[in-house]
Amino acid sequence: MKKILSRLFAPAAIGIAILGSSSSANAQYAQIVNQIPELLSPALSGSMNYRGFVDATATFGIGNDRANFIGVSTTQGFQYASWFFMGVGIGVDVATSSTSDRYTSLRPDPGYGPSMARTKAMIPLFSDFRFNFGSNSNASFYADIKAGAAWLLGNSFLELNNGSLSTRTQFILRPSIGVRIPVNKQKPKQAVNIGVTYQLITANNSWGYWNNSYYDTTLNSLGVNVGYEW
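Residues numbered from 1 in each chain as written. Predicted model: local features only at pLDDT ≥ 70, side-chain atom pairs only at ≥ 80, totals over all residues. Heavy atoms only, no water.

Focus on the pairing of strand β6 (residues 140-152)
In regular strands, side chains alternate between the two faces of the sheet.
At step 1: Pairing between strand β5 (residues 119-133) and β6: 12 bridges, direction antiparallel. Note on β6: the bridge partner recorded for Arg130 is Asp144.
At step 2: Count of turn residues in the β5/β6 antiparallel hairpin: 6 residues, of which Gly134 carries a positive phi of about 125°.
At step 3: Sheet topology places β6 next to strand β9 (residues 170-182); 11 bridges connect them, and they run antiparallel. Opposite Phe141, over in β9, you have Val179 as the bridge partner. (Pairing = 2+ DSSP bridges. Helix = DSSP H or I, 4+ residues; strand = E, 2+ residues; numbered from the N terminus.)

Take a look at the structure:
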């Protein structure tokens, strides 16, 4: 098990070391390099600090092609240092497209191209990186980055103004910042998180109405998230 973990973390350690040795790297890179032993020691010794998260998120689309998302997700992973958590997660979202009648009137008749729906379920699968600022025993700030892939469920595409989001793999990025509030003095790992979030979905496989082919599209949305950790 130790050999496997060493192979998993070795590329990350080498990458950070390269950044630290660059002449343009600042003092922060050097500090991170110095803390590599602290990050690797729990993983190699088997004493990693398990953490779990459950989050509810609501984001509202901005831009021309846009959709609103409401969902829940869970992340499981390990606290490698007091300020750094890394894990993997999965969620279930409901996506509702915001379309304009101005575009609807110009679309082809039903039956032309793939079937469309304005409400779709979506499954995101992601890596989660979380940074804590302050003591776990008191209210503090956090920054969280979720990055991975997402898939729409079912056969129909999500209808958009310029086309539709297909059921193929999409890239998803969801950074958040907020406040962490402990709820149990005896167990400071238990806390409520409240924050704001931005969600980016990009795809090169969206279906265009006008050219009867696939095209690149980007969905942007802003919103809030509420979570619980233990």
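Observations concerning empty space enclosed by the protein
At step 1: Evaluated as defined, the whole model comprises 3 cavities of 30 Å³ or more.
At step 2: Estimates place the volume of the largest cavity at around 110 Å³.
At step 3: Among the residues making up the lining of the largest cavity, the classes are represented as 2 nonpolar, 6 polar and 6 charged. (1 Å grid on protein atoms, 1.4 Å probe; cavity = no way out; pocket = protein on both sides within 12 Å on 5 of 7 lines; lining within 4 Å. Points joined across faces, edges and corners; volume = space filled by probe spheres on them. Nonpolar A, V, L, I, M, F, W, Y, C, P; charged D, E, K, R; others polar.)

Details of the packing of aromatic side chains
At step 1: In the structure shown here, the tally under the stated rule is 7 aromatic pairs.
At step 2: Where Phe53 meets Phe85, the ring centres are 4.9 Å apart and the plane angle is 65°; that geometry is what we call edge-to-face. Of this pair, Phe53 sits in strand β1 (residues 49-62) while Phe85 is found in strand β3 (residues 84-97), placing the two residues 32 residues apart along the sequence. The same class applies to Phe53 as to Phe85, namely buried.
At step 3: With a centroid separation of 6.2 Å and 20° between ring planes, the pair formed by Tyr228 and Trp230 is classed as stacked.
At step 4: With a relative accessible area of 30%, Trp230 lands in the partly exposed category.
At step 5: Ring-pair connections join several aromatic residues into one group, and the members of that group are Tyr80, Trp83, Phe84 and Phe131.
At step 6: For Arg130, the ring lying beneath its charged end belongs to Tyr142, and the centroid distance is 4.0 Å. (Phe/Tyr/Trp six-rings, centres within 6.5 Å; stacked < 30°, edge-to-face > 60°. Buried < 20%, exposed > 50% of the residue type's maximum accessible area, 1.4 Å probe, protein only. Lys NZ or Arg CZ within 6 Å of the ring centre and 35° of its normal.)

Describing the confidence of the model for the protein chain
At step 1: Here the protein chain averages 81 in pLDDT, while 69% of its residues score no lower than 70.
At step 2: This model gives residues 1-24 a pLDDT under 50, and the stretch forms 18 contacts once residues within four places in sequence are excluded. (pLDDT = per-residue confidence, 0-100. Contact = heavy atoms within 4.5 Å.)

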